[in-house]
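# Architecture at a glance
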Amino acid sequence: TITHQQVEVTVQGVFDGVPDPMEGINVYLFTSAGVYLSQHQQTNGTGKVTFELPEKAYKVRADYMGQQFWFEEFTWENVTIEVPMADAEITVTGGGFPQEGVNVYVFSAAGSYLGLTQATDAEGKVIFRLPESTYKFRVDYQGSQYWSDEELLTADQVNSITISVGGGTFTVTVLKGAGEPLVGVNCYVFTDGEVYLGMFGATDSNGEVLFDLADGSY
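Residues numbered from 1 in each chain as written. Predicted model: local features only at pLDDT ≥ 70, side-chain atom pairs only at ≥ 80, totals over all residues. Heavy atoms only, no water.

### Thoughts on the overall build of the chain
A tally of helices and strands in the chain yields 0 helices and 22 strands. Relative to the compact-globule value of 17 Å for 218 residues, the chain shows a C-alpha radius of gyration of 26 Å, a clear excess of over 25%. For the chain, the spread of C-alpha atoms along the principal axes amounts to about 100 × 30 × 25 Å. Pairs at least 24 residues apart make up 55% of the contacts formed inside the chain by residues separated by at least 6 positions. Working note: accessible area of the chain is about 11,900 Å², and carbon and sulfur atoms make up 46% of it. Separation of charge centres in the chain, based on 9 positive and 29 negative side chains, amounts to 7 Å. (Helix = DSSP H or I, 4+ residues; strand = E, 2+ residues; numbered from the N terminus. Rg over C-alpha atoms; globule rule 2.2 N^0.38 Å. Contact = heavy atoms within 4.5 Å. Areas by Shrake-Rupley, 256 points an atom, 1.4 Å probe, with all protein chains shown as cover. Lys, Arg positive; Asp, Glu negative; His and termini not counted. Charge placed at Lys NZ, Arg CZ, Asp CG, Glu CD.)

### With respect to the side chain of arginine 61
Tracing the chain through its elements places arginine 61 in strand E6 (residues 58-64). Overall, the relative accessible area of 14% leaves arginine 61 in the buried class. Polar contacts involving the side chain of arginine 61 include one to the side chain of aspartate 63, which spans 2.8 Å. Not counting chain neighbours up to four residues away, the residues in contact with arginine 61 comprise Asn26, Val27, Tyr28, Phe30, Gln68, Phe69, Trp70 and Ile81. (Buried < 20%, exposed > 50% of the residue type's maximum accessible area, 1.4 Å probe, protein only. Polar contact = N/O pair within 3.5 Å; in protein donor to acceptor, adjacent residues only side chain to side chain.)

### Brief notes about the side chain of lysine 59
Summarising the element assignment, lysine 59 is placed in strand E6. The residues contacting lysine 59, other than those within four sequence positions of it, are Tyr28, Leu29, Phe30, Thr31, Ser32, Trp70, Phe71, Glu72, Glu73 and Phe74.

### Describing the packing of aromatic side chains
Across all of its chains, the model carries 12 aromatic pairs by this definition. Its end group placed over the ring of tryptophan 147, lysine 136 keeps NZ or CZ at 5.4 Å from the ring centre. Cation over ring: arginine 138 sits above tyrosine 105, and NZ or CZ is 4.9 Å from the ring centre. (Phe/Tyr/Trp six-rings, centres within 6.5 Å; stacked < 30°, edge-to-face > 60°. Lys NZ or Arg CZ within 6 Å of the ring centre and 35° of its normal.)

### Re the nonpolar core
One finds Val60, Ile90, Phe137 and Val139 to be the most contacted residues of the largest nonpolar core, which totals 43 residues. If you tally residues by element for this core, the top one is strand E8 (residues 79-94), at 8 residues. Excluding residues within four positions of it along the chain, valine 139 makes contact with Val92, Val102, Asn103, Val104, Ser144, Gln145, Tyr146, Ile163 and Val165. (Core = buried A, V, L, I, M, F, W, Y, C linked by side-chain atoms within 4.5 Å.)

### Thoughts on the sheet that holds strand E7 (residues 67-74)
One open sheet accounts for 4 strands, arranged E4-E3-E6-E7; its pairing is antiparallel. For this open sheet the edge positions go to strand E4 (36-42) and E7, each flanked by a neighbour on one side alone. Neighbour-to-neighbour, the strand axes of this sheet turn through a mean angle of 25°, independent of strand direction. As paired elements, strand E3 (residues 26-31) and E4 share 4 bridges and run antiparallel to each other. Along E4, the bridge assignment pairs tyrosine 28 with histidine 40. (Pairing = 2+ DSSP bridges. Axes fitted to C-alpha atoms, helices over the stretch in contact; angles between N-to-C directions.)

### A word on unusual backbone geometry
Of note, the phi angle at aspartate 156 is positive, near 65°, even though the residue is not glycine. Relative to the elements of secondary structure, aspartate 156 occurs in the loop between strand E15 (151-152) and strand E16 (158-164). Assessed through its relative accessible area of 40%, aspartate 156 is described here as partly exposed. The phi torsion at glutamate 194 lies on the positive side, around 65°, for a residue other than glycine. Among the secondary structure elements, glutamate 194 is positioned in the loop between strand E20 (186-190) and strand E21 (196-202). Residue glutamate 194 is classed as exposed on the basis of its relative accessible area, which comes to 69%.

### Let's talk about the pairing of E16
Because side chains alternate across E16, one face comprises the buried residues Asn159, Ile161 and Ile163, and the other comprises Val158, Ser160, Thr162 and Ser164, none of which is buried. With 7 bridges connecting them, E8 and E16 associate as parallel partners. Each residue of the ladder has a partner; that of isoleucine 90, found in E16, is isoleucine 161.

### Quick notes on the pattern of salt bridges
One pass over the full model with this rule turns up 6 salt bridges. In this structure, the salt-bridge partner of lysine 48 is glutamate 8, at a minimum N-O distance of 3.5 Å. Taken together, the residues span a long stretch of sequence, with lysine 48 in strand E5 (residues 48-54) and glutamate 8 in strand E1 (residues 4-15) at a distance of 40 residues. On the accessibility criterion, lysine 48 (26% relative accessible area) is partly exposed. Judged by its relative accessible area of 28%, glutamate 8 is partly exposed. (Salt bridge = Lys/Arg side-chain N within 4 Å of Asp/Glu carboxyl O.)

What follows is the structure in structure tokens.
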């Protein structure tokens, strides 16, 4: 007879000393020597998984956002894997003004997309709560991609990052001839690869139409 006992593993993110259970995290079981035992479970709504184990030492590992978080040897005891968390506050600007409704994507330092995206609010901001590590962030705007530098996020802090798409207000003038503006002519904006950006406007009495454009070729 080999006696077993239920062992509960809790995975929680910790920001400024406040724990937050993490749901949907894969937890893997290893021997004390680090040999994977082909057992893993996914945390429930309270951040917990349960393994039925004999009385010997084990290790467990939680994988999250491309990182590995370990709890070293334990025997017949409930354990908690704590993930130190940081806030990344991304501000997207263009022409010196905040840009609303722009998608921001999160990548590892090696450039792997981590499956997280948010659209900026009226202040041009998004906030991601992420494990302490180094990341890159990408903004997709007007058919171009704009990247942050590699950013080291410090746990228990709001790490402020600004991504500028540059640009400003540009004027297109349509003339019939020298000094002869064409009025009410629709002008459409495309990338330099001729992809339509959904932007158009009609020329005014001076034959001019204004577009707010980011850095790039159009």
